[in-house]
Amino acid sequence: MSQAIQIYDTTLRDGTQGEGVSFTVAAKLRVAEKLDQFGIDYIEGGWPGSNPRDLAFFEEAKKLKLHHAKIAAFGSTRRASLPAEEDPQLKLLLEADTPVVTIFGKTWLLHITEILRTTAEENLKMIEDSVRFLTENGREVIYDAEHFFDGYCDDPDYALQTLEAAKRGGAINLTLCDTNGGKLVSEVEAIVGKVCAHFPDTLVGVHCHNDSGLGVAVSLAGIDAGATLVQGTMNGVGERNGNANLTTIIPNLVLKMKREMNCKSQLSKLRDLSLFVDEMANRSHDMKAPFVGASAFAHKGGVHADAAAKVKESYEHIEPELVGNRTRVLVSDMSGRSSVMMKAKEVGVDLDAHPDELREFLGKLKELEYKGYEYEAADASFKLLLNRYLNGKKDDVELIGYRVMVGHQTAMNRTVSEATVQLKVGDEIHHTVAESNGPVGALDAALRKAIAPVFPEISEVELIDFKVRILDSQHGTDAIIRVQIESTDGKEIWGTVGASDNIIEATWEALIDSVEYKILLHSEGK
Ligand SMILES: CC(=O)SCCNC(=O)CCNC(=O)[C@H](O)C(C)(C)COP(=O)(O)OP(=O)(O)OC[C@H]1O[C@@H](n2cnc3c(N)ncnc32)[C@H](O)[C@@H]1OP(=O)(O)O
Ligand SMILES: CC(=O)C(=O)O
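Residues numbered from 1 in each chain as written. Chains lettered and ligands numbered in written order. Predicted model: local features only at pLDDT ≥ 70, side-chain atom pairs only at ≥ 80, totals over all residues.

K.L.:
Honestly, the overall build of the chain in this entry has me stumped. Any pointers?
P.N.:
Helices and strands together make up the secondary structure of the chain, namely 17 helices and 16 strands. The principal-axis extent of the C-alpha atoms belonging to the chain is close to 90 × 65 × 45 Å. Buried positions account for 44% of the 526 residues belonging to the chain. In the chain, once contacts between residues fewer than 6 apart in sequence are set aside, the share between residues at least 24 apart is 68%. (Helix = DSSP H or I, 4+ residues; strand = E, 2+ residues; numbered from the N terminus. Buried ≥ 20, exposed ≤ 12 C-beta atoms within 10 Å, placed from the backbone. Contact = placed C-beta atoms within 7 Å.)

Next comes the structure, spelled out in C-alpha cells:
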C-alpha cells in the first residue's frame, strides 16, 4: 500500500510573498486554526527573521491549541563564513519556539557563486551546519532545496551532495523545490524518481511554483514518482504566479490518485476553507478555481445542463458535494428548456404545471438577453420573470413615475441628487422625495420611503453591490446599459438586473426587482 501523503501549507509564508496578499497577525492565527481543523499536517507560519509581524505571529501561535498540525518557522541556512550558533537568523528560528523549522539552502551553482558569492564547498558546510544546529536544539528540520530541479539539470552530482549534507545534519525531510516554476511534468517526475532511489530511507517532498501554469501538475508528478510530502498554498497564492494550489492538489490526490492523508475526512469542507482564506486575505474568491470555485460545476450551455440533469457525471468530473461545492445552472441565451426547468426548480418555481408555455418562455428569455438583460447572476429577477410570465403574478408596486435631478453646489463643494417617485401600492398612491449624494442613492431612498409604510420588511434590505456595464454596438447605435445589483436582508443575498439605453431607467428596473423580491421572500415566510 502506498504511503500517506503529508500536506505542508505555506500560505502564511510563501503565500504572503504574492502580490497583494497580506494577513494581519490575527488573520494569520485564525487561518492557522482553520488549517489545523481541516487536518493539514504542517503550517508554515512565516519567517521570524523577516519582520515584526511574523515574530508576533510565532509569539501568539504558542498559545494556539492545535489538534494535529505542527507549526513550522521558515528561514535560510547560515551566512557564509559565520558559525551557525552565531547566525542571527538561525537564533531567531530557535526563538520562534516551533516544533518544526524549515530552512532553505542552495542547490544551483549559479546561485552559490553569483548570489551567495561563496564556494560550492562552503555551501555544503552551510547546509549541514545549519541543519545540525537546529536538530541539536531539538527541532524537527525540513530541508527545502531551493532551485533543486534547475540545479540538478546543471550538475546532478552536486545537487545530490547538497541533499546528503542536509541529511547528515539530521533533516527528516528533503523537499525539492521548483523555485522558478519553470520545469515540465516529465522533468520533475524523472528527477524526483532519481532522488527517491538515491535516498530510499529518507522522506522526500516537493515544493513547486506555477510560473509555467504547471504548479499542480508537477506536484502531482512528484508524488507519483515517490515524494510523500507536498508543499503549497491555499488558493495558489504566492510569489509571482503563485505556489502550487493545495485546493486543487488535495482533491486530486484523494479522489483521483486515491492517496491517503490526514485531511481526507475533511474534504467536504475544502470550499469553505478556500473561501475563508481569501476572506482573511481580503481577496475576492476565484470563481474559476478548479473544484472549489463557484463556476466549477456551473452549467451554462443548454446541452450540458440537459445532459447533467439526466446523468450528473455526463458533465461533472466528480460529485461537487465531495469538496463542499454544488451544481449550478446558469440561464442565458445559451439555455435550453432543461436549463430553465432546473433553474426554476432551484429558485422554487414549479414548471411541471406549464409544459406548453416553457418553449415560449425560453424565447422571451433569449429576447430579453439580446436586449441586454443578463440573468446568469440575477436569480431574483429570473424568479420574478417566471412568476410574471407563467403565473401572471402582478407586481406589488406599480410605478406611476419618477424624476431624478442631479445638481452641483459650488459654494458648498458638493454634488447633490434628488429623486421623486410616485407609486401605486395596493389602492394607495404614494408620492415621496429623497436626497442623496448620487442619483442611485436618491432613487433608492425615495422608493423605500414610498413603500415602507405598507411593506416594512423593506427596511431590512441593503444594497451591497452595484455594477454598470455599457454593452457594445450589437444592440444598435444606442449603447445599452446593464445594471446589476446585489442586495441582502442579512439572511439571503440576491441579484437583480435592469437594461436600458438610460442608466437611471436600468437602475430603476434593478432596484424595483430587488424590492419586489424582498416582498416575495417575506410573503413566503423567509
Ligand atoms: C525561494 C524563497 O521563497 S526563499 C524566501 C524568500 N522570502 C523572502 O525573502 C522574504 C523575507 N525576506 C526578508 O525579510 C529579507 O530579505 C531578510 C531579512 C531575510 C534578509 O534581509 P537582508 O539581510 O537585508 O538581505 P537582502 O534581502 O538584501 O539579501 C538577501 C541576503 O540573503 C542571502 N541569502 C540568500 N539565500 C541564502 C541562503 N540560502 N543561505 C544564506 N544566505 C542566503 C543573500 O546572499 C543576501 O545576502 P548578501 O547581500 O550578503 O549576499
Ligand atoms: C523554498 C521556497 O520557497 C522555494 O524554493 O520556492
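K.L.:
Would you take a moment to explain the UniProt feature "domain: Pyruvate carboxyltransferase" (unreviewed entry) in the chain for this structure?
P.N.:
Under the local residue numbering, the UniProt record ascribes the feature "domain: Pyruvate carboxyltransferase" (unreviewed entry) to residues 5-271. Here residues 5-271 runs as 43% helix and 17% strand, with 20 Å between its end C-alpha atoms. (UniProt positions renumbered as here; feature names shortened; annotations may be inferred.)

K.L.:
I would appreciate a short explanation of the site of ligand 1 in the present structure.
P.N.:
For ligand 1, the set of nearby residues contains 16 residues, the closest of which are Ser50, Ser76, Thr77, Leu116 and Thr179. Among the elements that take part in the shell around ligand 1, strand E4 (residues 100-106) stands out by supplying three residues, more than any other. (Near = placed C-beta within 6 Å.)

K.L.:
Explain helix H15 (residues 379-390) here, please?
P.N.:
Think of an α-helix as 3.6 residues a turn; residues three or four steps apart then line up on the same face. Compared with an ideal rise of 1.5 Å per residue, which puts twelve residues at 16 Å, H15 spans 16 Å between its outermost C-alpha atoms and is within 8% of the ideal. Buried-residue contacts for H15 involve helix H13 (337-346), strand E16 (493-500) and helix H17 (503-523). Residue glycine 392 follows H15 closely and has a positive phi angle near 60 degrees. (Expected span 1.5 Å × (residues − 1).)

K.L.:
Any chance you could explain the environment of leucine 203 here in plain terms?
P.N.:
In this fold, leucine 203 is placed in strand E7 (residues 203-208). Dropping the residues within four chain positions of it, leucine 203 is found in contact with Ile172, Asn173, Thr228 and Leu229.

K.L.:
Could you clarify how one ought to interpret the domain arrangement of the chain in this entry?
P.N.:
Where interface size is quoted, it is often the accessible area lost as the parts come together. Its domain assignment divides the chain into domain 1 (6-280), domain 2 (298-369), domain 3 (372-393 + 461-526) and domain 4 (397-454). Taken over C-alpha atoms, the centre of domain 1 sits 58 Å from the centre of domain 4. (Domains from an automatic or database assignment.)

K.L.:
I keep staring at the pairing of strand E1 (residues 6-9) and nothing clicks. Help me out?
P.N.:
Consecutive residues of a regular strand have side chains that alternate between opposite faces of the sheet. Neither face of E1 is left uncovered, since the one carrying Gln6 and Tyr8 and the one carrying Ile7 and Asp9 both have all their residues buried. With four bridges connecting them, E1 and strand E8 (residues 229-232) associate as parallel partners. Bridge pairing links glutamine 6 to leucine 229 in E8. Bridge analysis of E1 against strand E2 (residues 42-46) gives two bridges, and the strand direction is parallel. (Pairing = 2+ DSSP bridges.)

K.L.:
Quick question: what am I supposed to make of the sheet that holds strand E3 (residues 70-76) here?
P.N.:
Consider a sheet: its strands pair through backbone hydrogen bonds, and that pairing is either parallel or antiparallel. One closed barrel holds the eight strands; their spatial order is E1-E2-E3-E4-E5-E6-E7-E8, and the pairing between them is parallel. Between one strand axis and the next, the sheet turns by 25 degrees as a mean value, whatever way the strands run. Two elements, E7 and E8, share three bridges in a ladder whose sense is parallel. Its bridge partner lying in E8, glycine 205 is registered against leucine 229. Packing against the sheet, helix H2 (residues 52-61) makes contact with E2 and E3, and its axis sits at approximately 135 degrees to E2. The strands touched by helix H5 (residues 120-136) are E4 and strand E5 (140-146); relative to E4, the strand with the most contacts, the crossing angle is about 175 degrees. (Axes fitted to C-alpha atoms, helices over the stretch in contact; angles between N-to-C directions.)

K.L.:
How should the sheet that holds strand E13 (residues 428-436) be read in this particular structure?
P.N.:
Read across the open sheet, the three strands follow the order E11-E12-E13; overall the sheet is antiparallel. Edge positions in the open sheet fall to strand E11 (397-409) and E13, since each of these has one partner strand only. Mean inter-strand twist for the sheet, computed between neighbouring axes without regard to direction, equals 10 degrees. Direction of pairing for strand E12 (residues 414-425) relative to E13: antiparallel, over a ladder of nine bridges. Opposite glutamate 418, over in E13, you have glutamate 435 as the bridge partner. Helix-sheet contacts for helix H16 (residues 439-451) involve E11, E12 and E13, and the interaxial angle to E12 is about 30 degrees.

K.L.:
So what exactly am I meant to see when it comes to the pairing of E8 here?
P.N.:
Neither face of E8 is open: one carries Leu229 and Gln231, the other Val230 and Gly232, and all of them are buried. Once you follow E7 into helix H9 (residues 215-224) and on to E8, the crossover reads as right-handed. (Right-handed = clockwise from strand over helix to strand, strands pointing away.)

K.L.:
Would you explain the site of ligand 2 in this entry?
P.N.:
In the neighbourhood of ligand 2, the contacting residues comprise Asp14, Phe104, Asp144, Glu146, Cys177, Thr179, His207 and His209. Classifying every residue of the shell around ligand 2 by side-chain character gives two nonpolar, three polar and three charged. (Nonpolar A, V, L, I, M, F, W, Y, C, P; charged D, E, K, R; others polar.)

K.L.:
How do you make sense of the nonpolar core when you look at a structure like this?
P.N.:
Where a protein is soluble and globular, its nonpolar side chains tend to be buried together. Ile7, Ile43, Ala72, Tyr143, Leu176 and Val230 are the most contacted members of the largest nonpolar core, which has 90 residues in total. Residues within four places of isoleucine 43 in sequence aside, it is in contact with Asp9, Leu12, Ala32, Leu35, Asp36, Ala69, Ile71 and Ala72. Counting 45 residues, the second-largest nonpolar core is a separate cluster that includes Met341, Tyr375, Ile480 and Trp508. (Core = buried A, V, L, I, M, F, W, Y, C linked by C-beta atoms within 7 Å.)

K.L.:
It is not clear to me how the confidence of the model for the chain should be interpreted in this structure. Could you clarify?
P.N.:
Detailed conclusions should not be drawn from predicted coordinates in areas where pLDDT is low. Averaged over every residue, the pLDDT of the chain is 93; the share at 70 or more is 98%. Across the interface, the model reports ipTM at 0.95; the global pTM reads 0.84. (pLDDT = per-residue confidence, 0-100.)

K.L.:
Is there a simple way to explain the environment of aspartate 154 in this structure?
P.N.:
With respect to the secondary-structure elements, aspartate 154 resides in helix H6 (residues 148-154). Aspartate 154 gets classed as partly exposed once you count the C-beta atoms within 10 Å, which come to 14. Sequence separation between aspartate 154 and leucine 110 is 44 residues, and the spatial gap between their C-alpha atoms is 9.0 Å. Those residues within four positions of aspartate 154 in sequence are excluded, and the remaining contacts are Trp108 and Leu109.

K.L.:
I would appreciate a short explanation of unusual backbone geometry in the present structure.
P.N.:
Most peptide bonds adopt trans geometry, and most residues besides glycine take a negative phi value. One non-glycine residue, arginine 117, lies in positive phi territory at about 55 degrees. Inspection of the secondary structure assignment puts arginine 117 in the loop between helix H4 (109-115) and H5. Arginine 117 sits in the exposed class, given 9 other C-beta atoms within 10 Å. Not every positive phi belongs to a glycine, and phenylalanine 291 is a case in point at roughly 65 degrees. With respect to the helices, strands and loops of the structure, phenylalanine 291 is situated in the loop between helix H11 (270-280) and strand E9 (298-299).

K.L.:
Honestly, the packing of helix H1 (residues 25-38) against H2 in this entry has me stumped. Any pointers?
P.N.:
The packing of two helices is summarised by the inter-axis angle and the distance between the axes. At their nearest, the axes of H1 and H2 sit 9 Å apart, and the two run at 45 degrees to each other. Between H1 and H2, the crossing angle belongs to the class labelled oblique. Relative to H2, H1 is oriented so that their crossing is right-handed. Where H1 approaches H2, its residues Val25, Lys28, Leu29 and Ala32 are matched on the opposing element by Arg53, Ala56, Phe57, Glu60 and Ala61. In terms of residue class, the contact of H1 with H2 is made up of six nonpolar, no polar and three charged. (Parallel < 35°, antiparallel > 145°, perpendicular 65-115°, else oblique. Left-handed = near helix turned anticlockwise from the far one by under 90°.)

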